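For reference, the chains in residue letters:
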Amino acid sequence: ITAFARSNDFDILVAQPSYGHRTPGASIGIRLPDASFHENGKLFMNEFDIRTYGAVSGGETELRVTGLSQAVDFPMWQTIYRKLAGQMLAERMGWWWFYDMAGGWFEPPEIAADIGEVMKTVDSLSVAKPSAWTPSVAFVIDEEGALLRNTPANYYNHDEQMLFGEQLRLLAASGVPCDVWLADDLIRNPAIAERYRMVVFAGMYHIDSSRKAMLRRVKRGGRTIVFLSGTGAVGGSEETGFDVIQQEAPQSHVIVQSEGEDVNVSSFTDQWLLTRYLGCGSLGKGWQPRRTTVREDGGMHVVARFAKGGVPAIAEKQFKGWKSVVVGSAAGLTPQYFSRLARRSGCYVPVSCGMQVNMNGDFVSVHCLVPGMYDFVLPFRCNVRNLKSGKVFADVKSVKLDMSAGETRWFTLEKVK
């Protein structure tokens, strides 16, 4: 991806949204560095090969298309389509194409008409002067660092599968808007970090001299820096402010709260292993990946521990000018804990966990994961328009939303001068 971002030959990247998480009521994060694409003048297009009730491809069973998030009726199509398209609009990419492998997915008249209606909405969203507002949280992928690990295939590489794809999907359930960057951009221009109150680093296995210089710029202004599992495994882990210890496989990833903590903590690495291999015999070394812990000292707060061994799984430490957080298990940063960190770091957090929020300063897409009444706090005082009903909330700082699980809504924001 970094090579694409730096390329003088290619300008557009096309990928598909995660198949199993398109279904209503599931969070689905964009697993590509959208912020870096903008920084480098690149376009990301999403391919919508969305299975629908309109047709079934040859050889695909009912069970298979269910696992691929088939829309079984028109309302389900609408919320899936808007959840996925809303991400692209919020990222200011605004482009996607439809790929009909079955020769009929998009042919039901109501689906074809709905595609047209959404495109009319897309056309209406163009603004002469886009808002300069940005989220206050950044997720930074060290692609070069991640490639230091050799594995036979992605599906066997639980560390990276959890650390990037599943972790971003989980954080999409936090209700916290987030920009995704390549570490290469921050290494070249550390001033990028000054836009954010909290920065999460993933895949930075080797903190070399260039990364040390970048981190020392980021460690300013009261910023919170979160280091995910494996940080500094090849060297330089002292930059986290902790004495980091790599515990090689096989390792248990069951995590429990420390006494007195009330925030949800767990590791998707543990949950993924349990669900995929339940009843299939003992897990081999390759299926219980290494984990990270830290040596305890009097200056840290241990949020959670690994059940096996009792060593820290999540630890925080406050330094002069910045706060450090180490998460020891891949995909061990839960939406709830991420949301709490963001709030305590002074980040913009519009809503509590239970809703996926994709937004910019002109447009908001919300997808409900947990039903209920939400008080959606806006980034500034503005006029808010519901793009389906046309209802306008005039000159407000927050909007109450009564949402059903699996529901998607779109709004425009117009800042009050």
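This text follows the structure it describes.
Residues numbered from 1 in each chain as written. Predicted model: local features only at pLDDT ≥ 70, side-chain atom pairs only at ≥ 80, totals over all residues. Heavy atoms only, no water.

Colleague: Would you take a moment to explain the overall build of the protein for this structure?
Modeller: Of the regular secondary structure elements, the protein holds 11 helices and 18 strands. Taking 2.2 N^0.38 as the reference for a compact globule, 417 residues should give roughly 22 Å; the C-alpha atoms of the protein span a radius of gyration of 22 Å, in line with that estimate. Each of the three principal axes of the protein carries a C-alpha extent, and together these read 60 × 60 × 50 Å. Within the protein, counting contacts between residues at least 6 apart in sequence, those at least 24 apart form 72% of the total. Separation between the mean location of the 45 positive side-chain charges and that of the 44 negative ones in the protein comes to 6 Å. (Helix = DSSP H or I, 4+ residues; strand = E, 2+ residues; numbered from the N terminus. Rg over C-alpha atoms; globule rule 2.2 N^0.38 Å. Contact = heavy atoms within 4.5 Å. Lys, Arg positive; Asp, Glu negative; His and termini not counted. Charge placed at Lys NZ, Arg CZ, Asp CG, Glu CD.)

Colleague: What is the right way to look at the nonpolar core in this model?
Modeller: Generally speaking, soluble globular proteins have nonpolar side chains that are buried together. Grouped together as the largest cluster of nonpolar side chains are 37 residues, with contacts concentrated most on Phe139, Val226, Leu228 and Leu333. At the level of secondary structure, the elements contributing two or more residues to this core comprise strand 4 (137-141), helix 7 (158-171), strand 6 (198-202), strand 11 (300-306), strand 12 (312-319), strand 13 (322-327) and helix 11 (335-344). By residue number, the principal contributor to this core is helix 7, which donates 6 residues. (Core = buried A, V, L, I, M, F, W, Y, C linked by side-chain atoms within 4.5 Å. Buried < 20%, exposed > 50% of the residue type's maximum accessible area, 1.4 Å probe, protein only.)

Colleague: Teacher, can you tell me more about the pairing of strand 15 (residues 363-368) here?
Modeller: Residues in a regular strand point their side chains to alternate faces of the sheet. Along strand 15, 6 of the 6 residues are buried, which leaves the element largely enclosed by surrounding structure. The alternating pattern of strand 15 places Phe363, Ser365 and His367 and Val364, Val366 and Cys368 on opposite faces, both of which are buried. Relative to strand 15, strand 14 (residues 355-359) runs antiparallel, the two being bridged by 5 bridges. Note on strand 15: the bridge partner recorded for methionine 359 is valine 364. Between strand 14 and strand 15, which pair antiparallel in sequence order, lie 3 residues. Bridge analysis of strand 15 against strand 18 (residues 408-415) gives 5 bridges, and the strand direction is antiparallel. (Pairing = 2+ DSSP bridges.)

Colleague: Teacher, can you tell me more about the side chain of lysine 42 here?
Modeller: The residue lysine 42 is located in the loop between helix 2 (34-39) and strand 2 (43-48) in this model. Within the structure, lysine 42 has its side chain in polar contact with the backbone oxygen of serine 7 (distance 2.6 Å). For lysine 42, the contacting residues outside a window of four places in its chain are Phe4, Ala5, Ser7, Phe10, Asp11, Phe37 and Met93. (Polar contact = N/O pair within 3.5 Å; in protein donor to acceptor, adjacent residues only side chain to side chain.)

Colleague: What is the right way to read the state of the cysteines from this model?
Modeller: Two cysteines form a disulfide when their sulfur atoms are joined by a covalent bond. Under the criterion given, the structure shown has 0 disulfides. Unpaired in terms of disulfides, cysteine 178 finds its nearest cysteine sulfur in cysteine 347, a separation of 9.4 Å. The thiol sulfur of cysteine 353 is not disulfide-bonded, and the nearest other cysteine sulfur, from cysteine 368, lies at 12 Å. Judged by its relative accessible area of 23%, cysteine 353 is partly exposed. (Disulfide = S-S within 2.5 Å.)

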